[in-house]
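Secondary and tertiary structure notes
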Amino acid sequence: MSKMLAIARRDIASIFSSAIASIVLTIFSLILGGCFVLQLADYQTRNIQIARQAAMNPDPEALFEQVDVVEMVVVPVIYVGAVALMFIVPMITMRLFAEEKKVGTDELLLTAPLTTIQIVGGKYLAALATIAAAIVAATLPIGLLFLMGRPPWKIIASIYLGIFLLAATYAAFSLLASSLTQNQIVAAVLPFGLFLLMWVVGLFPTEEEMKTSTWWALSAYTSTSWHFEDFLKGVVDTTHLVYYVTASFLGCFLTARVIDSSRWR
Amino acid sequence: MSRASIACLAVAGLGIVVGLGWRTLRPLESAAAYSIMGVGGAALLAFLWLERKEIAGLASGRSARYGGNALAYSLIVIALVFVANWVAVQHKKTFDLTEDKLFTLTEPTLKILSGLTRDVDVAFVPSGDPSDATVEDVLKLYQQSSPRVKVAIVDPMKEPRKVEQLGVRALGTIALSSGTQKTSITATGEEAITNAIHKVSTDKVVKAYFVEGQGERSPEEQSEHGLSYLKTLLGNKSLTVATCNLSTLSDVPRDASLLVIVDPQRPLGEHEISVLKKYLDEGGRALLMLDPTRDGGLTAFLAGYGIELHEDLVVEQGGAILQGTGPETIIVSEGYPFHPITDHFAYNTLYHVVRSVLPAEKPPATVTVKPLVQTTPQSYAERDLTAPEAGYTEGTDRKGPVPFAVAATWTPAAPPAAPPAESTNRSDGGRMVVIGDADWADNSILPVPQFANAPLLTNMVGWLSETEALISIPAKKTKGAHVVVSANAGIALVILAVIVIPGAFAVTGGLTWLRRRKL
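Summary of the structure given here. The structure displayed is predicted, hence computed values, not measured ones.

All right, on to the overall build of chain A then. The secondary structure content of chain A amounts to 13 helices and 1 strand. Sequence-ordered secondary structure for chain A, helices as α and strands as β, is α-α-α-α-α-α-α-α-α-α-α-α-β-α. Counting across all 265 residues of chain A, residues that qualify as buried make up 55%. Within chain A, counting contacts between residues at least 6 apart in sequence, those at least 24 apart form 77% of the total. Summing over all exposed atoms, chain A offers an accessible surface of approximately 11200 Å²; the carbon and sulfur share of this is 71%.

As structure tokens, then:
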């Protein structure tokens, strides 16, 4: 475990020392920050409208309860964040293996007294930690917003659980792509295409089509968007938990197989 | 690799990808999709044939051995991942973290769904409103909870004929059918959907007869003291409402699931009381609402069923107060002694000018009477209505808590001479609910959304008629999380979101770049 953490620490430092990571994280926080500002403005406008109506309404509390800050601000920001992660995560993880192959330090890594699990685990932890820190930092205004009110902690926990699981799945497959090539551009573009397909495929079929067609049901099941939506409502479904955990595991497992193959090829 | 091999590999890749995409996007043209995939497969075989010597060379080496092992290992793990997900789907568990459990069906609904004996088709025609998503989510819950509920979303643009066949006249309607029964609803809450499912899934008709003839309040009356809203409420819950005049009948109609007597202005005659007594003694069901000073001549009659009706006025001095009213207006928040009618009922109900109704200290041996609703300990029942000054008088008035609604059950003395209709659901003896206020159910108070008079009243009717569908499901209130953001706080948040945080990342990157440049 300590060796895995050592690799993770080294790679986190490597990520943050690269200009691309800083640019990517700046863009990510700018996107989420901009979305937050727009949604907050919308929420404030709605509050003002309600306040004007409340003066003439016998039940003003019922009017204010229609304006839900989670629905109007938190969910849209997190949803945009989930979409942005499709290109943010590959950009962060693209150098983890590809860079090592390109400069030749992968041989040092493979000949060091480290197991494949430690190597892959360490790099995966580095990717996860970086992405998690980016999500937390970029959504910090949401946390501060709730200091001004009474937050529904359970729903917010569900929303963050959803986006962290999504990020974990993206990180695993981005790591796989990085292990397959020494070209960082390919290592970023391939998983982005895959994530886009996995996101979009769940938006096509209707409920009727999913019931009548095994093909559509399977397509929807492999979709990350289909598994993400319930978390935004405050519903934690074990099916979605198993999907994300097994998908992340599969990505890391296949990465380990690719790394192993480097030893005997 | 020769050019032919590269071309075959390209055609194979393209054919398989395009074929898969075609199959996904155009499921009706699967023949074309499979043909394209077939071409891709043939090209792949051609590639393998052209490169057979190379492949054979690869396959015989150490790499091939290790590669084969790795491939087998990977396929096993992929299969295990599929199995794990399949098991997760079969045994899914959901945790609804919303405050009002918006995405979980209530116990009454689950009970009705588990009791379905035939399929129920539910078709929702969306209106294009953002709330459609919530309706679809709720209908999905029904489908997931019962294999007998089949839900379909009918797009009015894509399937106008189907919308016409369903008989739907307005968008946002849910059309339900089961067997020969059909209904449609525009209200889309859980209560409306559950009651509609129950309505179509049974051929039984539950009928309530409102007694008239002595100035009782009428279900047709639309004035503020009328009961037209109550009639509509019961109609929405698959109950048929009719009227009857006991003075012209020798027996209560056989299809009566229950009798309702509301605020008779004059005493019931001897014949009316005997018809009522015969009906109840044979296991009939009745709901009586009797305002102070107007008992319909039923005080002595009710004493025979272990119910004490008092000529008094309940005065509430504790609990919540309705602005602009006096102590004769009572809000009950917690005064619901345990009974199936009030089980899990913890909502505010409103009453106006109430008399006490108590279980008798020594009821008849075959009768059991339990209080349903009572006031706070700070209340009292003013027994001297002529006293010049209001106030509790020790020895005369009754100290709170004062029950003013009771439920009685009894074993019938003898089986009915003419058996009741099958739809009347009288399985286990007579039942009666008596409440010392009629205003709580009239058009001025019953519709008020802040008070749960309607759910409590339908619970009473449901218990009396043994119809679970009438057990109300109070609407799930979406309590939006609300924050108050001052102007300064808003500006600070904006600066943090678009300047400070992105700036921190940019500055960190810039400093790192500068440091590396110096190196």
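Read on, since the account is not over.
What follows covers the side chain of Thr183(B). All names here are of chain B. Take Thr183: it is sitting in strand 5 (residues 181–185). Residue Thr183 is classed as buried on the basis of its relative accessible area, which comes to 18%. When residues no more than four places from it in sequence are discounted, the contact partners of Thr183 are Ile174, Ala175, Leu176, Ala196, Lys199 and Val200.

In this section: helix 12 (residues 453–465) of chain B. All names here are of chain B. Over its 13 residues, helix 12 extends 18 Å from the first C-alpha to the last, a length consistent with the 18 Å expected when each residue adds 1.5 Å. In terms of burial, helix 12 is a largely internal element, 13 of the 13 residues being buried. At the exit of helix 12 stands Glu466, carrying a positive phi of roughly 55°.

In this section: the packing of aromatic side chains. Under the defined criterion, the tally for this structure stands at 17 aromatic pairs over all chains. Ring centres of Tyr243(A) and Tyr244(A) lie 5.2 Å apart, and the angle between their planes is 70°; this geometry places the pair in the edge-to-face category. Accessibility expressed as a relative area gives 7% for Tyr243(A), which makes it buried. Every member of this aromatic cluster is reached through a ring pair, and the members are Tyr221(A), Trp226(A), Phe231(A), Tyr243(A) and Tyr244(A). One cation-aromatic arrangement involves Lys123(A) over Phe97(A); the distance from NZ or CZ to the ring centre is 5.3 Å. Lying over the aromatic face of Tyr392(B), Lys399(B) brings its terminal NZ or CZ to 5.4 Å of the ring centre.

So, on to the sheet that holds strand 17 (residues 398–399) of chain B. Residue and element names in this part refer to chain B. Strand order in the open sheet formed by 3 strands is 11-16-17, with antiparallel pairing between adjacent strands. What marks the edges here is a single partner per strand, and that holds for strand 11 (313–315) and strand 17. Pairing analysis gives 3 bridges linking strand 11 to strand 16 (residues 380–382), with the strands arranged antiparallel. Within strand 16, the residue paired with Val314 across the bridge is Ala381.

On to a nonpolar patch on the surface. All names here are of chain A. Taken together, Ile20, Ile23, Ile27, Ile31, Phe87, Met91, Phe192, Leu196, Val200 and Leu203 make up a surface patch of nonpolar side chains, about 760 Å² in accessible area. Counting only elements with at least two residues in the nonpolar patch, the list comes to helix 2 (19–54), helix 4 (69–103) and helix 9 (184–200). Tallying contributions element by element places helix 2 first for the nonpolar patch, with 4 residues. Position of Phe192 relative to the elements: it lies in helix 9. According to the relative accessible area criterion, Phe192 is partly exposed, its value standing at 31%.

Residues and elements named next belong to chain A. Close contact between helix 8 (residues 153–180) and helix 12 (residues 224–233) brings their axes to 7 Å; oriented N to C, the two are set at 160°. Classified by the interaxial angle, the pair formed by helix 8 and helix 12 is roughly antiparallel. Pair helix 8 / helix 12 crosses with right-handed handedness. Across the interface between the two elements, Ser158, Ile159, Leu161, Gly162, Ile163, Leu165, Leu166 and Tyr170 of helix 8 pack against Thr224, Phe228, Phe231 and Leu232 of helix 12.

What follows deals with the interface of chain A and chain B. Taken together, the contacts link 64 residues of chain A with 57 residues of chain B. Summed over both partners, the interface of chain A with chain B comes to about 5300 Å²; 67% of that surface belongs to carbon and sulfur atoms. Inspection of the chain A/chain B interface yields 2 salt bridges. In this structure, Lys92(B) and Asp237(A) form a salt bridge, with 2.9 Å as the shortest nitrogen-oxygen distance. Partitioned by chemical class, the residues of the side of chain A that touches chain B number 36 nonpolar, 16 polar and 12 charged. Across 3 bridges, the pairing between strand 1 (residues 235–237) of chain A and strand 1 (residues 94–96) of chain B is antiparallel. Each residue of the ladder has a partner; that of Val236(A), found in strand 1 of chain B, is Phe95(B).

Another aspect to go through is unusual backbone geometry. Residue and element names in this part refer to chain B. Gly400 connects to Pro401 through a cis peptide bond whose omega is 0°. Mapped onto the fold, Pro401 is located in the loop between strand 17 and strand 18 (403–410). Positive phi, close to 70°, is recorded for Thr293, a residue that is not glycine. Tracing the chain through its elements places Thr293 in the loop between strand 9 (285–289) and helix 11 (299–303). Classification of Thr293 as exposed rests on a relative accessible area of 53%. Even without being glycine, Val353 reaches a positive phi, approximately 60°. Looking at the secondary structure, you find Val353 in the loop between strand 13 (349–352) and strand 14 (357–359).

Turning to the nonpolar core, a few remarks are in order. Soluble, globular proteins show a tendency: their nonpolar side chains are buried together. Phe28(A), Phe36(A), Val69(A), Val70(A), Leu85(A), Leu145(A) and Phe228(A) are the most contacted members of the largest nonpolar core, which totals 88 residues. A total of 17 residues in this core trace back to one element, the largest contributor, which is helix 4 of chain A.

With that out of the way, let us pick up the sheet that holds strand 3 (residues 149–153) of chain B. Residue and element names in this part refer to chain B. One open sheet holds the 4 strands; their spatial order is 3-2-4-5, and the pairing between them is mixed. With partners counted over all chains shown, the strands left at the sheet margins are strand 3 and strand 5, one partner each. Each adjacent strand pair in this sheet contributes to an overall mean axis angle of 15°, direction not counted. Inspection of the sheet shows strand 2 (residues 120–125) paired to strand 3 by 5 bridges, in the parallel sense. If you follow Ala123 over to strand 3, its bridge partner there is Ala152. In this fold helix 6 (residues 132–145) packs onto strand 2, strand 3 and strand 4 (173–178), with an angle of close to 155° to the strand it touches most, strand 3. Running over the sheet, helix 8 (residues 190–201) touches strand 2, strand 4 and strand 5 and is turned about 165° from strand 5.

This paragraph deals with the packing of helix 9 (residues 228–236) of chain B against helix 12 of chain B. Residue and element names in this part refer to chain B. Between helix 9 and helix 12, the shortest axis-to-axis distance is 11 Å and the interhelical angle comes to 60°. As helix 9 packs across helix 12, the resulting crossing turns out to be right-handed. Residues Leu230, Leu233 and Leu234 of helix 9 touch helix 12, and the partners they reach there are Ala454, Leu457, Thr458 and Val461. Here the contact of helix 9 with helix 12 is built from residues that sort into 6 nonpolar, 1 polar and no charged.

This part covers helix 2 (residues 30–50) of chain B. What sets the pattern is the α-helix's 3.6 residues per turn: residues three or four places apart point alike. Residue and element names in this part refer to chain B. If you check helix 2, its first and last C-alpha atoms are 30 Å apart, about what 21 residues at 1.5 Å a residue would give, namely 30 Å. What helix 2 keeps buried is the set Ala33, Met37, Gly40, Ala43 and Phe47. The buried side chains of helix 2 occupy one side of the element, clustering within an arc of 110° when seen end-on. Away from the buried face of helix 2 by more than 90 degrees, exposed residues Ala31, Val39, Leu45 and Trp49 are located. The inward-facing, buried residues of helix 2 abut helix 1 (3–25).

What counts and what doesn't
Residues numbered from 1 in each chain as written. Chains lettered and ligands numbered in written order. Predicted model: local features only at pLDDT ≥ 70, side-chain atom pairs only at ≥ 80, totals over all residues. Heavy atoms only, no water. Helix = DSSP H or I, 4+ residues; strand = E, 2+ residues; numbered from the N terminus. Buried < 20%, exposed > 50% of the residue type's maximum accessible area, 1.4 Å probe, protein only. Contact = heavy atoms within 4.5 Å. Areas by Shrake-Rupley, 256 points an atom, 1.4 Å probe, with all protein chains shown as cover. Expected span 1.5 Å × (residues − 1). Phe/Tyr/Trp six-rings, centres within 6.5 Å; stacked < 30°, edge-to-face > 60°. Lys NZ or Arg CZ within 6 Å of the ring centre and 35° of its normal. Pairing = 2+ DSSP bridges. Patch = residues over 30% accessible without salt bridge, like charges linked within 9 Å, V, L, I, M, F, W, Y side chains within 5 Å. Salt bridge = Lys/Arg side-chain N within 4 Å of Asp/Glu carboxyl O. Axes fitted to C-alpha atoms, helices over the stretch in contact; angles between N-to-C directions. Parallel < 35°, antiparallel > 145°, perpendicular 65-115°, else oblique. Left-handed = near helix turned anticlockwise from the far one by under 90°. Buried area = accessible area lost by both parts, 1.4 Å probe. Nonpolar A, V, L, I, M, F, W, Y, C, P; charged D, E, K, R; others polar. Core = buried A, V, L, I, M, F, W, Y, C linked by side-chain atoms within 4.5 Å. Arc of directions from axis to C-beta.

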